[in-house]
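For reference, the chains in residue letters:
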Amino acid sequence: RHRLAHPAEVLPELVVHRRDPGLDLVQVRRQLLLHPLEISAHVLEVPAGLPKDLEQVFSEAVGCFETGSHVATVVLSGLFVEGLLAKTGAKGGRLVDMIKAAHESGVISPLGFHVATASRMLRNLGAHYSAELAKLKASDARLVLEMARKLASDVIASGTLKGT
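(A) Up close: the side chain of S77. Along the chain, S77 turns up in helix 4 (residues 70-86). On the basis of relative accessible area, S77 is assigned to the buried category, the value being 1%. For S77, the side chain forms a polar contact with the main-chain oxygen of T73, separated by 2.8 Å. In contact with S77, other than residues within four places in its own chain, are A61, V144, L145 and A148.

So, in structure tokens, the structure goes:
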């Protein structure tokens, strides 16, 4: 499931987020040499055939997941689903309405309807403040990403996606 990466595989593309103003890049590299990073063997790939703007949103959601930003992952995944449905021509002022319209017009299957609905409900935790936000785990964020990816794959296969 996971493998340990040799630091030489990671260091050339090391990005350090400077949350700590006293952070020393040399010290970070030294720590990486002493303690290899654990990297997931399963990579969340961007579905082929997306318009560039949706590709970017999905990629950023994956980036948030990879850095442990679970709330941001869920929120961006929800924005991705909303953008995806908008680009199919699904009408509605709210995501719930867009999901219903996409289902009624045959853009998404009955399973896709339930996937989109579950994704929307989880996204609402992040779109509207809730105490549940602090309880989001990596598995929750991963589930929402996987649901968004599944929905995208289905919409791409339907041929209804505009702007690709």
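(B) Quick peek at the nonpolar core. Core analysis: the biggest nonpolar cluster contains 34 residues, and L50, F80, V81, L84, L85, I108 and L145 have the highest contact counts within it. Secondary structure elements with two or more residues in this core: helix 3 (52-66), helix 4, helix 5 (95-104), helix 6 (110-127) and helix 7 (138-158). For this core, the leading source of residues is helix 7, giving eight residues.

(C) Inspection of the confidence of the model for the protein at higher detail. Looking at the protein as a whole, the pLDDT averages 77, with 73% of positions reaching at least 70. Considering only residues more than four positions removed or in separate chains, one finds that residues 36-42, a stretch of pLDDT under 50, has 19 contacts.

(D) Region of the structure containing helix 7. When the terminal C-alpha atoms of helix 7 are compared, their 30 Å separation across 21 residues agrees well with the 30 Å that a helix rising 1.5 Å per residue should span. Among the residues of helix 7, those classed as buried are A141, R142, V144, L145, M147, A148, L151, A152 and V155. G159, located one to two residues past helix 7, shows a positive phi value of around 75°.

(E) Structural context of the environment of G68. Assignment of secondary structure puts G68 in the loop between helix 3 and helix 4. Accessibility expressed as a relative area gives 38% for G68, which makes it partly exposed. In this structure, the C-alpha to C-alpha distance between G68 and A141, residues 73 residues apart in sequence, is 9.1 Å.

(F) Here's a closer look at the packing of helix 3 against helix 4. One can describe the packing of helix 3 onto helix 4 by two numbers: an axis separation of 8 Å at closest approach and a directional angle of 165°. Accordingly, the angle class assigned to the pair helix 3 and helix 4 is roughly antiparallel. Here helix 3 and helix 4 pass one another in a crossing that is left-handed. Across the interface between the two elements, L54, V57, F58, E60, A61, C64 and F65 from helix 3 touch A72, T73, L76, S77, F80, G83 and L84 from helix 4. Broken down by class, the residue content of the contact of helix 3 with helix 4 amounts to ten nonpolar, three polar and one charged.

Each value, and the rule that gives it
- Every residue gets a number counted from 1 within its own chain, in the order that chain's sequence is written.
- Only residues with pLDDT of 70 or above have their local features reported here, since the model is predicted, and side-chain atom pairs are shown and tallied only from 80 upward, although totals for entire chains, interfaces and linings are computed over all residues.
- As a convention, hydrogens and water are excluded, and side-chain values are obtained from all of the structure's heavy atoms.
- Strands here mean DSSP runs of E at least two residues long; helices mean DSSP runs of H or I at least four residues long; both are numbered from the N terminus.
- For every residue, the accessible area (1.4 Å probe, protein chains only) is compared with the maximum for its type, and the residue is labelled buried under 20%, exposed over 50%, or partly exposed between those bounds.
- Any pair of nitrogen or oxygen atoms within 3.5 Å is treated as a polar contact; in protein, a donor-acceptor pairing is required on top of that, and neighbouring residues in sequence qualify only through side-chain atoms on both sides.
- In what follows, residue pairs with any heavy atoms lying within 4.5 Å of each other are defined as contacts.
- Among buried residues, those of type Ala, Val, Leu, Ile, Met, Phe, Trp, Tyr and Cys that are joined through side-chain atoms within 4.5 Å constitute a nonpolar core.
- Per residue, pLDDT measures the predictor's confidence, with a range of 0 to 100.
- Between the first and last residue of a helix there are one fewer steps than residues, each counted as 1.5 Å, and that sum is the expected span.
- To define axes, lines are fitted to C-alpha atoms, for helices over the stretch in contact only, and angles between the resulting N-to-C directions are given on a 0 to 180 degree scale.
- Should an angle fall under 35 degrees it is taken as roughly parallel, and over 145 as roughly antiparallel, whereas 65 to 115 is taken as roughly perpendicular and any remaining angle as oblique.
- Less than a right angle of anticlockwise turn of the near helix away from the far helix marks a crossing as left-handed, whereas a clockwise turn marks it as right-handed.
- Any residue that is not Ala, Val, Leu, Ile, Met, Phe, Trp, Tyr, Cys, Pro, Asp, Glu, Lys or Arg is counted as polar, Gly included; the first ten are nonpolar and the last four charged.

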